[in-house]
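# Structure at a glance
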Amino acid sequence: VASKFLSDDDPHATMVYFGAVDETGHQHGFHPSVEQYVHAIGQVDHHVGQLITAVHSRDRYQQENWLILVSTDHGGRGTGHSGGHKVAEILTTFLIVSGEAAKRGKVETETYVVDLPVTALSHLGVQLRPEWKLDGKPVGLK
């Protein structure tokens, strides 16, 4: 459904959520040594690839200014993520920033889930206002 929406409609922004990795982590463990967890990551990677293919298939893709952000909302330890504000492997997330507006190379600073919406808003040209009290910072943009 999301791929069709991206290829056929005219969105200015969209968000797609894949819960399989989190659900699998809770059931089997949040660790790269857990076969089911790694498999779930592979499945989500495949779905993200389908979304990117849909974006690239758009008739006006070359004239559009796409930014693709991929993130997680938290890490995990064991089969949970309680106490995440005090545990680095739970608090720290990854953030992939891809598109013409993205800096090339590795993001050298730690990123958190609060950085994702601020990065998206900045790319969309939204002037961030102090009264919004957003905790994040734009990450990975030129």
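Residues numbered from 1 in each chain as written. Predicted model: local features only at pLDDT ≥ 70, side-chain atom pairs only at ≥ 80, totals over all residues. Heavy atoms only, no water.

## Digging into the overall build of the protein
Tallying secondary structure elements over the protein gives five helices and two strands in all. When the helices and strands of the protein are placed in sequence order, the string is α-α-α-β-α-β-α. Counting all 142 residues of the protein, 29% fall into the buried class. Expressed as a percentage of contacts within the protein between residues at least 6 apart in sequence, the contacts between residues at least 24 apart total 53%. As presented, the protein carries roughly 9,900 Å² of accessible surface, and 54% of it is formed by carbon and sulfur atoms. Between the centroid of the 12 positive side chains of the protein and the centroid of its 17 negative side chains there is a distance of 7 Å. (Helix = DSSP H or I, 4+ residues; strand = E, 2+ residues; numbered from the N terminus. Buried < 20%, exposed > 50% of the residue type's maximum accessible area, 1.4 Å probe, protein only. Contact = heavy atoms within 4.5 Å. Areas by Shrake-Rupley, 256 points an atom, 1.4 Å probe, with all protein chains shown as cover. Lys, Arg positive; Asp, Glu negative; His and termini not counted. Charge placed at Lys NZ, Arg CZ, Asp CG, Glu CD.)

## With respect to the side chain of His74
Locating His74 in the fold gives a position in the loop between strand S1 (67–71) and helix H4 (88–91). Residue His74 is classed as buried on the basis of its relative accessible area of 15%. Beyond its immediate chain neighbours, meaning those up to four positions away, His74 contacts Asp22, Phe30, His81, Ile90 and Thr93.

## Some thoughts on the nonpolar core
Counting residues in hydrophobic clusters, the biggest one holds seven residues: Val21, Phe30, Val34, Tyr37, Ala40, Val44 and Val48. Tallying contributions element by element places helix H3 (residues 35–56) first for this core, with four residues. Residue contacts for Ala40: discarding those within four places in its chain leaves Ala20, Val21 and Thr24. Core analysis: the next-biggest nonpolar cluster, separate from the first, contains six residues, Leu95, Val97, Val139 and Leu141 among them. (Core = buried A, V, L, I, M, F, W, Y, C linked by side-chain atoms within 4.5 Å.)

## Quick word on the side chain of Thr24
Inspection of the secondary structure assignment puts Thr24 in helix H2 (residues 20–28). For Thr24, a relative accessible area of 14% translates into the label buried.

## Points about unusual backbone geometry
Phi at Lys133 takes a positive value of approximately 50 degrees, unusual for a residue other than glycine. The exposure class of Lys133 is exposed, given its relative accessible area of 69%.

## Examining the layout of surface pockets
By volume, the largest pocket amounts to about 1,600 Å³. Along its surface, the largest pocket is lined by 50 residues, and Val16, Leu69, Val70, Ser71 and Leu116 are the ones closest to its centre. Among the secondary structure elements, those contributing two or more residues to the lining of the largest pocket are H2, H3, S1, strand S2 (95–99) and helix H5 (115–123). Broken down by element, the lining of the largest pocket gets its largest block of residues, eight residues, from H3. (1 Å grid on protein atoms, 1.4 Å probe; cavity = no way out; pocket = protein on both sides within 12 Å on 5 of 7 lines; lining within 4 Å. Points joined across faces, edges and corners; volume = space filled by probe spheres on them.)

## Observations concerning a nonpolar patch on the surface
Judged by side-chain polarity, Leu124, Val126, Trp132 and Leu134 come together as a nonpolar surface patch covering roughly 340 Å² of accessible area. Among the secondary structure elements, Leu134 is positioned in the segment after H5. A relative accessible area of 43% places Leu134 in the partly exposed class. (Patch = residues over 30% accessible without salt bridge, like charges linked within 9 Å, V, L, I, M, F, W, Y side chains within 5 Å. Salt bridge = Lys/Arg side-chain N within 4 Å of Asp/Glu carboxyl O.)

## Some details on the packing of aromatic side chains
As enumerated under the stated definition, the model contains one aromatic pair in all. Note on Phe30 and Tyr37: the rings are 5.8 Å apart at their centroids and 70 degrees apart in plane angle, and the pair reads as edge-to-face. Owing to a relative accessible area of 9%, Phe30 belongs among the buried residues under this scheme. (Phe/Tyr/Trp six-rings, centres within 6.5 Å; stacked < 30°, edge-to-face > 60°.)

## Some points on H5
For H5, the set of buried residues is Asp115, Val118, Thr119 and His123. One face of H5 carries all of its buried residues, which in axial projection span an arc of 135 degrees. Packing partners of the buried residues in H5 comprise S1 and S2. (Arc of directions from axis to C-beta.)

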